[in-house]
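# Close look at the chain arrangement
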Amino acid sequence: MNKVYAINGPVVKVKNATEFTIMEMVYVGKDRLLGEVISISEDFTVIQVYESTVGLKPGEEIIATGEPISVTLGPGILTNIFDGIQRPLNKIYEKEGSFIKAGTTVPALNQEKEWEVTFKVKKGDHVEFGQEFAYVEETSLIKHKLLVPNNISGEVKTVKSDGKYKIEDVIVKVEDKYGNLHELTMVQRWPIKKPRPIKDRLPLSIPLVTGQRVIDTLFPIAKGGTAGVPGGFGTGKTMMQHQIAKWCDADIIVYIGCGERGNEMTQTLDEFSELIDPKSNKPLIERTVLIANTSNMPVAAREASIYTGITIAEYYRDMGYHVAVMADSTSRWAEALREISGRLEEMPAEEGFPAYLPSRIAQFYERAGYTQTLNNNNGSVSIIGAISPQGADFSEPVTQNTKRFVRCFWALDKELAYARHYAAINWNLSYSEYINDLSKWYNKQVGVEFLDARQKFIKLLAEENKLMEIVKLIGKDVLPDYQKLTLEIARVIRVGYLQQNAFHKEDTFVPLDKQLKMMNLILYLQKEAKRVLKEGKAFSLLLKTNIFDKVIKVKYDIPNDQLVLFDNYYKMIDEALHAIK
Amino acid sequence: MDLQYIGLKEINGPLIFLENVKGISFEEMVEIKLDNGQTRHGRVVEINGDLVAILVFEGTHNLSLRNTTIKFSGHAMKIGMSENVLGRVFNGLGEPIDNLGHVFVSKYLDINGSALNPVARVYPRNYINTGVSSIDGLTTLIRGQKLPIFSGSGMPHNDLAVQIVQQAKLSDEKDEKFAIVFAAMGVTNDVANYFKKSFEEAGVLDKVAMYLNLADDPIIERILTPRCALTAAEYLAYEKDIHVLVVMTDMTAYCEALREFSSSKGEIPGRKGYPGYLYSDLASLFERAGIIKDSDGSVTQIPILSMPNDDITHPIPDLTGYITEGQIVLDRELHQKGIYPPIGVLPSLSRLMKDGIGSGYTRDDHQSLMNQLFASYARVMDARSLASVIGEDELSIVDKKYMNFGKYFEEYFISQGHKSRTITETLDLGWKLLSILPKQELDRTDEMILERFYDKEEAINYFNIKDKTIIKELKKEDN
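Conventions we followed
Residues numbered from 1 in each chain as written. Chains lettered and ligands numbered in written order. Predicted model: local features only at pLDDT ≥ 70, side-chain atom pairs only at ≥ 80, totals over all residues. Heavy atoms only, no water. Helix = DSSP H or I, 4+ residues; strand = E, 2+ residues; numbered from the N terminus. Contact = heavy atoms within 4.5 Å. Polar contact = N/O pair within 3.5 Å; in protein donor to acceptor, adjacent residues only side chain to side chain. Patch = residues over 30% accessible without salt bridge, like charges linked within 9 Å, V, L, I, M, F, W, Y side chains within 5 Å. Areas by Shrake-Rupley, 256 points an atom, 1.4 Å probe, with all protein chains shown as cover. Salt bridge = Lys/Arg side-chain N within 4 Å of Asp/Glu carboxyl O. Buried < 20%, exposed > 50% of the residue type's maximum accessible area, 1.4 Å probe, protein only. Pairing = 2+ DSSP bridges. Core = buried A, V, L, I, M, F, W, Y, C linked by side-chain atoms within 4.5 Å. Domains from an automatic or database assignment. Axes fitted to C-alpha atoms, helices over the stretch in contact; angles between N-to-C directions. Parallel < 35°, antiparallel > 145°, perpendicular 65-115°, else oblique. Left-handed = near helix turned anticlockwise from the far one by under 90°. Nonpolar A, V, L, I, M, F, W, Y, C, P; charged D, E, K, R; others polar.

Glancing now at the environment of A:T311. Residue and element names in this part refer to chain A. By secondary structure assignment, the location of T311 is in helix α5 (residues 299-318). It is 25 Å that separates the C-alpha atoms of T311 and N263, two residues lying 48 residues apart in sequence. In contact with T311, not counting residues within four places along its chain, are V71, W190, P191, I192, R196 and R367. One polar contact links T311 to R367, side chain to side chain, over a distance of 3.2 Å.

Now for a nonpolar patch on the surface. On the surface, A:I470, A:L473, A:I474, A:V478 and B:V389 cluster together into a nonpolar patch covering about 440 Å² of accessible area. Broken down by element, the residue count for the nonpolar patch peaks at three residues, all from helix α11 (residues 449-474) of chain A. Mapped onto the elements, A:I474 comes out in helix α11.

With that settled, consider the interface of chain A and chain B. Each partner contributes residues to the interface: chain A has 76 residues there, and chain B has 76 residues. Linking chain A to chain B there are two salt bridges. Salt-bridge contacts for B:E447 lead to A:K553; the nearest nitrogen and oxygen are separated by 3.9 Å. The interface formed by chain A and chain B includes 33 residue pairs in polar contact (both at pLDDT 80 or more).

A word on the pattern of salt bridges. For the structure shown, the criterion picks out 56 salt bridges over all chains. Note that A:D437 is salt-bridged to A:R407, the shortest N-O span being 3.1 Å. Of this pair, A:D437 sits in helix α10 (residues 435-445) while A:R407 sits in the loop between α8 (397-405) and β26 (408-409), placing them 30 residues apart in sequence. On the accessibility criterion, A:D437 (31% relative accessible area) is partly exposed. Among the ionic pairs, B:K107 bridges to B:E239, the shortest N-O distance being 3.0 Å. Of this pair, B:K107 sits in strand β10 (residues 107-110) while B:E239 sits in helix α4 (residues 221-240), placing them 132 residues apart in sequence. For B:E239, a relative accessible area of 38% puts it in the partly exposed group.

Moving on to the sheet that holds strand β14 (residues 154-159) of chain A. Residues and elements named next belong to chain A. The sheet built from four strands is open, its strands ordered β11-β14-β16-β17 with antiparallel pairing. Here the strands that pair on one side only, and so sit at the sheet edges, are β11 (126-127) and β17 (181-184). Where β11 meets β14, two bridges bridge the pair, whose relative direction is antiparallel. The residue bridging V127 from the neighbouring strand is G154, located in β14.

A few words on the nonpolar core. Core analysis: the biggest nonpolar cluster contains 92 residues, and A:I384, A:W410, A:I493 and A:L542 have the highest contact counts within it. Ignoring anything within four residues of it in the chain, the contact list for A:I493 reads A:F457, A:L460, A:L461, A:L498 and A:I522. B:L245, B:A383, B:A387 and B:F463 belong to the second-largest nonpolar core, a separate cluster that totals 86 residues.

Looking now at the domain arrangement of chain B. Segmenting chain B into domains produces domain 1 (4-76), domain 2 (79-355) and domain 3 (366-475). Computed over C-alpha atoms only, the centres of domain 1 of chain B and domain 3 of chain B are separated by 63 Å.

Here we take up the packing of helix α7 (residues 357-365) of chain A against α8(A). All names here are of chain A. Remark: α7 packs on α8, axes separated minimally by 9 Å, with the N-to-C direction vectors making an angle of 45°. Looking at the two axes, α7 sits oblique to α8. As for the relative orientation of α7 and α8, their crossing is right-handed in sense. Residue-level contacts link L357, P358, I361, A362 and Y365 of α7 to P397, V398, N401, T402, R404 and F405 of α8. Across the contact of α7 with α8, the residue classes break down as eight nonpolar, two polar and one charged.

On to the pairing of strand β4 (residues 28-34) of chain B. All names here are of chain B. The element β4 is extensively covered by neighbouring structure, given that five of its seven residues are classed as buried. Pairing of β4 with strand β7 (residues 68-76) involves six bridges; the strand directions are antiparallel. Bridge pairing in β7 links L34 to T68. Direction of pairing for β4 relative to strand β5 (residues 39-48): antiparallel, over a ladder of five bridges. In the strand pairing of β5, I32 is matched with R40. Between the antiparallel neighbours β4 and β5 lie four residues, among them G37 with a positive phi of about 95°.

Here we come to the pairing of strand β3 (residues 15-18) of chain B. Along any regular strand, the residues point their side chains to alternate faces of the sheet. All names here are of chain B. Here β3 shows two buried faces, one formed by L15 and F17 and the other by I16 and L18. Pairing between strand β2 (residues 10-12) and β3: three bridges, direction antiparallel. Within β3, the position partnered with E10 by the bridge is F17. Once β2 ends, the chain turns through two residues before running back antiparallel as β3, passing G13 with a positive phi of about 60°. Bridge analysis of β3 against strand β6 (residues 51-56) gives four bridges, and the strand direction is antiparallel. Paired with I16 across the two strands is I54, which belongs to β6.

What follows is the structure in structure tokens.
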């Protein structure tokens, strides 16, 4: 029998044990705490425990399971809320009350519920690993395709008839070429630290449309792409993750609350259950799964939560869905790595983080991608990871290492947040490397003017940035009129376009065609105002017309479904400018 | 099976080490008896085979390798709880120090608590009317929230905390019960007495449970002080349906105690020598605020921390800000101007306010007003930094108006002294201030709300603006 020898926080050591394998899942002690083997030597096997070790004694038994830490994949994942090691928090609440106790075991998915299964194979068919053999309507939005698991392929020997089954029922039997019979149920297990296989990676060419103007227009992310969102506290990281999770055009949302606030997760749960998806008119929760490992839950499970989330995302991708993963916050995950590394007395690299931090970050973000799945569907996993840099200093290791592996960088800015300019994405520090990959799509789907207008916006903002340097030194009044106009148009862009009100009915989500119309209107205003200045009229007269502020309020005043109203604004601009004497 | 062990293997800082120990569990409580009859307490912090490290709360002075007897209790640290803790004073270990004898105990609770299941939480929505405009109007405190005060030495954070406690109308309905749990960590006797006196003046002393670990008390006890206090708060809130306000001061002293403990354990330090798990450790305290479905009570936390050197990027305020739901930041410049409470509204934030204000909670225009005040006051800062370069006279007319607005905003809105304002007073005052600015500058509010609240005449009367040029300037953009 293997016994606990040493205990230090979540790290437990076993002496003289040789039969464990690395990354094996183990049960520790009489409470059967879940743990994972992280290092083995002749003298000691080191285990990190995913639950609180308070009360654990040396000499208690450790049971090996023979499999790595895995998640249970099957119908019932969506609309659910799990902790970092996929225990359903609803069921734990029913079973144990308000507080989570160590050693709680509850099956991840509901084993009693009967699902209506429709089969796609018949007796005698040949099936391959990853092929869809049946489906169930998991929610009214999502058809859950049951895929042949774990490298099984062969001939279908028996198939149940369409009807209601529980997830653990054997519904199909497959005989492989060696004559072994495999029993398929609706669930399969998959190790969380191993990426699920795909046929091929495809180039990224379609944007993940978020309805957030600053993202879709200036710094778009591709489906299958990765984005890092660093920002000090209070700059709106979580708010932004929520906005994207609510409005982006992915089929499935995996929201990982990693080491964050409990109240926030409750809010997400409440809000997503109430909110209606504008495209399908169904509650958003029907396409969402929440992984909640709040900051006061055990730290090792925080490390696991990221992998649990991404594995679930890959599973839905394999069904041919576009999945968006929100990881809030990856810094807490990195800190969990640091904490465990410290307890293992490993040699630290930068700021106490372990030397393998960059490779872990890379492994995580590389699980994103636009792929051809094993069953020849196209699916994608996009990852949007929030980063909480210490002291809002972007030179710290997590931000820097994330920057190396993501292609979108949305830097949140404290100054903008202080002025309540949300989304507080700083347009000078942020970038997206996807714009070239996506240009074809924008040209075809939105219109060729879109990227053109975008470029003009970027130029104007850069000019403003330069002019502001001067203004900071000598004030605005000494600038010539045409530069004052540039500043004013830049203000219209900042306040009327980039700034977006998440609490406003019309403004919280803006479709791309309205984004384009808004840009065109602002650029038209610039063009006409320039012309008026050229005619020798003073800029102060232009300001008096109030037309700039009218254009700023277009975002509220024109509803998303009445874009014809834009025509009135062109007239309004013409009239206002003509009236200047 | 009370096993006793005589003698130690090693003493190092607050830690003692024992050899050949069997059958003890991680984080178990121990009792240490000295030859001279003293009793101290400790906790198992590491087990390595039969070698055990024990953290002694009261310190290891006078301990030698020979003069001690150690007794293991067989369980993690628990304290006795009942409603009778209200009106009492305890030390950092939860032992009464007010000479009123033992507290009648109805339940023993683990001071570390357990993680609250997010599913069991109720999302906090009811605001607490603190009577302080900068808080009610701009960083609204919500019942069940954790909202720290970031301060610095010499600033009136204690006054503000007391004012909040005194003015907070914790119960909208009369029959709702409320209580205050006060945890002092490393503060001076004077500060503790100040709080005690203030609670007395407010007539709530019988509703306060005080946990005191003062500046000259053992530092390791400090690590347990907030845990004892929060255990009491959770018990009162979740088992007795009481609305509990927890005031914890000073979190910086707590973190320093944690650092001392960590370094004596020989752990690898993180930033500024604080342990790498400082975030998790603070989270295990702050996350104990909230409301749960199964009870009518709530735990609201107001931790106070003094920022070393007024540096908000220091690890303690930084990590705190990442855990808490916003922060109230005190500003030294305002303090020096004689403004009380000196709340720097721009870096202050309440994350939960968005769902706890507006119609049905405060008033429908609250959100718009708040956004506009923040945006306009941020512009004031720009104008001021420009003025410091080119001089105030050279500013444009609009910038001058902002300077004016900034002055009134600080003098009337932020600076309110010790009197309490209702939420209506606060909101109306906000609109009067915005009315000093030209209407087209108010780009965060929509037309309809402006129509209702924008009133120049009233602003001129209210602020008693006599200066003819200013009045003329104010009225000019009306056409």
